[in-house]
Amino acid sequence: AWFVLICRNYKGDVDMSEIDHFMPLLMQHEEEGLLCPVMSHGNVHFMWIKHSNLYLVATTNKNSNASLVYAFLYKLVEVFTEYFKELEEESIQDNFVVVYELLDELMDFGFPQTTDSKILQEYITQEGAKLEVAKSKVPTTVTNAVSWRSEGIKYKKNEVFIDVIESINVLVNANGSVMSSDIVGSIKLKTMLSGMPELRLGLNDRVLFGLTGRDKGKTVMMEDVKFHQCVRLSRFESDRTISFIPPDGESELMSYRINTHVKPLIWIESVIEKFSHSRVEIMVKAKGQFKKQSVANNVEVRVPVPSDADSPKFKTSTGNAKYVPEKNLVVWTIKSFPGGKEFLMRAHFGLPSVENEEAESKPPITVKFEIPYFTVSGIQVRYMKIIEKSGYQALPWVRYITQSGDYQLRTNV
């Protein structure tokens, strides 16, 4: 059974009862295998996303800007998660008043307004209502040119931490050829700076080096670059300078994609032999194809097994393997995997004497890992300049991490 938890009609041009058509429509589309992010009933369009056990649905009867609506729905999830830690049915029911207050601040007459949770938390709190006149004022930050940072922030020690995180997406076919690969990067900040500092970030950006006539060392070609609203886009477009007044605390400064041929960092070779009516034997070899001085942490190799397999036996040269029957997987975990090393895992399963008639799908082997102090693309933070009118000295700290994104290797069986 489904029901509407909470709703807010911003313009009054769509009848509140229209939402009753959403779930039947969704189920019908699901049954027909035609699930779509935009569905229509009469002249009303439903744009929706799912988060845990909730559907967040926006309705419109106009040709609205769909990308703006989806950006807003995902922003809702982000803000509610910041407020309630977990966004699910219970957290909405326990916080109806706060949710309604947030919905009123996040959007006005169908136009997104203040969507920065740090600023919202200054005047929409989860504490009991205390009647204090001074507190009822909306912070000036909301109407400032810099709406993402409050004034008067003070720290004893001024520092900024920069994390460059790259996720590798790789698809390898059963013959061992890389069919597709790319790198999706993100630069995250943890800012602990007083006042209103002006920051300038320098990367080894190929376009910038081309503009300035410098062609020294390795450069990277970033595509699909997306910035936090604090970055001055006009400045970036004219001379590729990334300059900004940062939000306080944690934020994602930018994301990018690098379209390049990536050599799989952890190479998997597998032999899966199925002896009908008796057993299946699996041999998996994992090899670290990255520098010897680097180490991959918390490596997980997920090997699919037939759904009717039972009585597992494992042998590993390192780490440990376990059978996850509800997912039809063997998960081989290696806490620490140095570059250039090779490890083996053997698994033996019994099969029932009566064969499963249905042809099973052949899911790929997937790999999860994280390699600190390492980037595949070779992106580098060349400098981070911090200028603040009081003239304090601040320390920037940089950390590089490479991790698996969508990392799949197909098998022959």
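Note that the structure is a prediction, hence the values are computed from the model and not measured.

A. Quick look at helix H2 (residues 66-84). With 19 residues, H2 ought to run about 27 Å at 1.5 Å a step, and its terminal C-alpha atoms sit 27 Å apart, in line with that. The complete set of buried residues in H2 reads Val69, Tyr70, Phe72, Leu73, Leu76, Val77, Val79, Phe80, Tyr83 and Phe84.

B. The arrangement of helix H1 (residues 22-31) in detail. Within H1 the residues assigned to the buried category are Phe22, Met23, Leu25, Leu26 and His29. All buried residues of H1 lie within an arc of 160° about the axis, which places them on one face of the element. Just downstream of H1, Gly33 is the residue with a positive phi angle, here 70°.

C. Broad picture of a positive patch on the surface. Together, Lys263, Lys287, Lys292 and Lys341 line one region of the surface with positive charge. Residue placement: Lys292 occurs in the loop between strand E13 (279-288) and strand E14 (295-304). For Lys292, a relative accessible area of 69% puts it in the exposed group.

D. Highlighting unusual backbone geometry. With phi around 45°, Asp224 is a residue other than glycine that occupies positive phi space. Take Asp224: it is sitting in strand E9 (residues 223-227). With a phi close to 55°, Asn328 is a non-glycine residue in the positive phi region. Its location among the elements puts Asn328 in the loop between strand E16 (320-324) and strand E17 (329-338).

E. Region of interest: the pattern of salt bridges. Considering all chains together, one arrives at 15 salt bridges under this definition. When the shortest N-O distance is used, the salt bridge between Lys75 and Glu78 registers 3.1 Å. Residue Lys75 and its partner Glu78 are both found in helix H2; the two are separated by 3 residues, about one turn of the helix. Taking relative accessible area as the criterion, Glu78 reaches 44% and is therefore assigned partly exposed. Salt bridges sharing common partners tie together Asp182, Glu223, Asp224 and Arg257.

F. Here's a closer look at the sheet that holds strand E21 (residues 395-409). Spatial ordering of the open sheet is given by E9-E11-E7-E6-E21-E19-E14-E17-E16, a layout of 9 strands whose pairing is mixed. Whereas interior strands pair on both sides, the edge strands pair on one side only; in this sheet they are E9 and E16. Taking the axes of each pair of neighbouring strands and ignoring which way they run, one obtains an average angle of 15° across the sheet. The sheet contact formed by E16 and E17 spans 5 bridges and is antiparallel. Bridged to Val324 within E17 is Leu329.

G. Structural view of the pairing of E17. Sheet analysis places E14 next to E17, joined by 9 bridges and oriented antiparallel. By the bridge assignment, Arg302 is partnered in E17 with Val331. What sits between E16 and E17 in their antiparallel hairpin is a turn of 4 residues, with Asn328 showing a positive phi close to 55°.

H. Broad picture of a nonpolar patch on the surface. On the surface, a nonpolar cluster with roughly 260 Å² of combined accessible area is contributed by Trp2, Val4 and Met27. Tracing the chain through its elements places Trp2 in the segment before H1. With a relative accessible area of 35%, Trp2 lands in the partly exposed category.

I. Representation of the packing of aromatic side chains within the structure. Inspection of the entire model under this criterion finds 13 aromatic pairs. On the basis of an interplanar angle of 90° and a centroid distance of 5.3 Å, the ring pair of Phe369 and Tyr407 is categorised as edge-to-face. Pair noted here: Phe369 is in strand E19 (residues 365-372) and Tyr407 is in strand E21, with a separation of 38 residues, a long-range link. Among the aromatic residues, those joined into a ring-pair cluster are Phe22, Phe46, Trp48 and Tyr55. The ring of Phe109 carries Lys11 above its face, with NZ or CZ at 5.3 Å from the centroid. In this arrangement the basic side chain of Arg279 is found over the ring face of Phe275, its NZ or CZ atom lying 3.9 Å from the centre.

J. Looking closely at the sheet that holds strand E15 (residues 310-316). As summarised here, the arrangement of the 4 strands in space is E12-E13-E18-E15, forming an open sheet in which the pairing is antiparallel. At either margin of the open sheet sits one strand with a lone partner, and together these are strand E12 (266-275) and E15. Mean inter-strand twist for the sheet, computed between neighbouring axes without regard to direction, equals 15°. Where E12 meets E13, 10 bridges bridge the pair, whose relative direction is antiparallel.

Rules of the game
- Residues numbered from 1 in each chain as written.
- Predicted model: local features only at pLDDT ≥ 70, side-chain atom pairs only at ≥ 80, totals over all residues.
- Heavy atoms only, no water.
- Helix = DSSP H or I, 4+ residues; strand = E, 2+ residues; numbered from the N terminus.
- Expected span 1.5 Å × (residues − 1).
- Buried < 20%, exposed > 50% of the residue type's maximum accessible area, 1.4 Å probe, protein only.
- Arc of directions from axis to C-beta.
- Patch = residues over 30% accessible without salt bridge, like charges linked within 9 Å, V, L, I, M, F, W, Y side chains within 5 Å.
- Areas by Shrake-Rupley, 256 points an atom, 1.4 Å probe, with all protein chains shown as cover.
- Salt bridge = Lys/Arg side-chain N within 4 Å of Asp/Glu carboxyl O.
- Lys, Arg positive; Asp, Glu negative; His and termini not counted.
- Charge placed at Lys NZ, Arg CZ, Asp CG, Glu CD.
- Pairing = 2+ DSSP bridges.
- Axes fitted to C-alpha atoms, helices over the stretch in contact; angles between N-to-C directions.
- Phe/Tyr/Trp six-rings, centres within 6.5 Å; stacked < 30°, edge-to-face > 60°.
- Lys NZ or Arg CZ within 6 Å of the ring centre and 35° of its normal.

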